[in-house]
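# Close look at the chain arrangement
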Amino acid sequence: MTRWKYRFGIPLVGAAVALGAASLTPALANAQTPLLQPMSASQLIAAVLGAAPVQYSGQLQVTSNILGSDASLLSSVGQGIAVPEGTSQVMVYRGAGPDLRLQMVNTQSERDLYVTSTGAWLWSSSNSTADHLIFSPTRSRSFAHTANPTEVADSLVEHLAPTSRVTVGSNTYVAGHAAYTLVLAPRQSGSSISSVRILVDAKNYHVLSVSVYSVYSSSPVLSMGYQSISFTDPSVTNFNFAPPANATVKLVTATQLQTLFDPMGASAPRPAVLGAGWQTVFELPKGVLARLDSALGSKGIVRNLETPVALANGETASLIHTELVNLLVLPNGSTLAGAVRASVLESDANALGL
């Protein structure tokens, strides 16, 4: 399916994803259970993957508790860096084609992303700056799909369904809309994910919520879902932006845009992939954690999470544990990372002779 080109998967190494410990799903569902036409898991998956694009506007809640008890370490991170931890509310306006607007407002400032077929504007009211990105329609569509839970669900189903137990849970309501519940759980051992719950609008099969549960926690460690949503075409005025007269405007070049999408650099070695499905592990190049620390504007925050681990060959590695992803920094400087238990990373290290 064409839209799979623009997947927004669950991040494996300190990436954005996107993305407090409060459970999203109970907050969105009320006590009533809607009566819906029975659907098997395969029928529901087919309906989601075959659903037509829809226009809508709504309030999206993104919640991350990936760091768990270590979240306090984020206090050392630079103010200008977006770290995927805590809860954020984002207004989403999705128009025809690539038209998209994301609006994040707090008590002191507003941040907006405007996307059209010709480019994008990133606006911050706190310092009156507007970054103007000009890119091809392909890149425009890539931006537009990153805020869509349906794209997250598509990617998860495509990659995980073959190695998953897929079931249909209880019907529920999300933001006033009757919804089916699709549950994916690993058939393979060793995953740090216990299940993924996808709530699907029963009328147009648009995904309203995705929640990822960890084996380490009873609450979702990563979730995105709508608290309110209206399936009507937003006014085109929502996608128009002109910087104020006193704003500082910066044009983002094609090279800078490439860096935004590929911060490791086009010439950097690509991660090797070990395993498949729920046991997928990436072997990251040397120095990746140092570059991550630099990108976060922090002073050793990543290194502060490390715990020594003895390998089978007698050497010592460093384990970085989160509620979703584990990373093993090997003596040779490379890093194994994945949404798997530490024992899987250690086994892979031994198999590689590292």
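Up top is the structure.
A brief report on the enclosed structure follows.

Each value, and the rule that gives it
Residues numbered from 1 in each chain as written. Predicted model: local features only at pLDDT ≥ 70, side-chain atom pairs only at ≥ 80, totals over all residues. Heavy atoms only, no water. Helix = DSSP H or I, 4+ residues; strand = E, 2+ residues; numbered from the N terminus. Polar contact = N/O pair within 3.5 Å; in protein donor to acceptor, adjacent residues only side chain to side chain. Contact = heavy atoms within 4.5 Å. Core = buried A, V, L, I, M, F, W, Y, C linked by side-chain atoms within 4.5 Å. Buried < 20%, exposed > 50% of the residue type's maximum accessible area, 1.4 Å probe, protein only. Phe/Tyr/Trp six-rings, centres within 6.5 Å; stacked < 30°, edge-to-face > 60°. Pairing = 2+ DSSP bridges. Salt bridge = Lys/Arg side-chain N within 4 Å of Asp/Glu carboxyl O. Arc of directions from axis to C-beta. Axes fitted to C-alpha atoms, helices over the stretch in contact; angles between N-to-C directions.

### Quick look at the side chain of Gln103
In this fold, Gln103 is placed in strand β3 (residues 100-105). Reaching out from Gln103, the side chain makes a polar contact with the side chain of Glu110 at a distance of 2.9 Å. Sequence-distant contacts of Gln103, that is, excluding residues within four places in its chain, are made with Gln89, Val90, Met91, Tyr93, Glu110, Arg111 and Asp112.

### What to know about the nonpolar core
Core analysis: the biggest nonpolar cluster contains 39 residues, and Leu182, Leu184, Val196, Ile198 and Leu324 have the highest contact counts within it. Among the secondary structure elements, those contributing two or more residues to this core are α2 (41-49), α4 (149-160), β9 (177-186), β10 (193-201), β11 (207-214), β12 (220-230), α6 (288-296) and β18 (326-329). Broken down by element, the residue count for this core peaks at six residues, all from α2. Non-local contacts of Val196, meaning those with residues more than four positions away in its chain, are made with Leu156, Leu182, Val183, Leu184, Val210, Ser211, Val212 and Trp278.

### Remarks on the packing of aromatic side chains
Tallied over the full model, the rule gives five aromatic pairs. Arranged with centres 5.7 Å apart and planes meeting at 85°, the rings of Tyr56 and Tyr226 form a pair that is edge-to-face. Here Tyr226 lies in strand β12 and Tyr56 lies in strand β1 (residues 56-64), a separation of 170 residues in the sequence. With respect to class, Tyr56 is no different from Tyr226; both count as buried. An aromatic cluster of at least three residues, connected via ring pairs, comprises Tyr114, Trp121, Trp123 and Phe241.

### Regarding the pairing of strand β4 (residues 110-115)
Strand direction decides the pairing type here: β3 and β4, joined by six bridges, are antiparallel. Bridge assignment links Leu102 to a residue of β4, and that residue is Leu113. Pairing between β4 and strand β5 (residues 119-124): five bridges, direction antiparallel. Its bridge partner being in β5, Leu113 is matched across the sheet by Leu122. Turn length for the β4-β5 hairpin, with the two strands adjacent in sequence and antiparallel, is three residues.

### Considerations on the environment of Val92
One can find Val92 in strand β2 (residues 86-94). Residue classification places Val92 among the buried positions, given a relative accessible area of 0%. Note: C-alpha distance between Val92 and Met104 (twelve residues apart in sequence) is 9.1 Å. Beyond its immediate chain neighbours, meaning those up to four positions away, Val92 contacts Tyr56, Ser57, Gly58, Leu60, Leu100, Arg101, Leu102 and Tyr226.

### Here we look at the pattern of salt bridges
For side chains bearing opposite charge, pairing can occur when the charged atoms are close. Within this structure, the stated rule accounts for two salt bridges. The salt bridge partner of Arg101 is Glu110, with a shortest N-O separation of 3.5 Å. Judged by relative accessible area, Arg101 falls into the buried class, the value being 11%. Given a relative accessible area of 23%, Glu110 falls into the partly exposed group. Its salt-bridge partner being Arg101, residue Asp112 comes within 3.0 Å of it at the nearest N-O pair. Note that Asp112 is positioned in strand β4 and Arg101 in strand β3, a separation of eleven residues in sequence. For Asp112, a relative accessible area of 4% corresponds to the buried category. The network of salt bridges with common partners includes Arg101, Glu110 and Asp112.

### Details of helix α7 (residues 342-352)
Residues of α7 that are buried include every one of Ala342, Val344, Leu345, Asp348 and Ala349, and no others. Projection of α7 onto a plane perpendicular to its axis shows the buried side chains occupying an angular sector of 160°, all on one side. Where α7 is buried, its residues meet β14 (272-274), β15 (281-284), β17 (316-321), β18 and β19 (335-338). Gly353, located one to two residues past α7, shows a positive phi value of around 75°.

### Thoughts on the sheet that holds β17
Read across the open sheet, the six strands follow the order β14-β15-β19-β18-β17-β16; overall the sheet is antiparallel. Each edge of the sheet is formed by a strand with only one pairing partner; in this case those strands are β14 and β16 (306-310). Taking each pair of neighbouring strands and ignoring which way they run, the sheet shows an average axis angle of 25°. Here β14 pairs with β15 via three bridges, running antiparallel. Paired with Ala272 across the strands is Glu283, a residue of β15.

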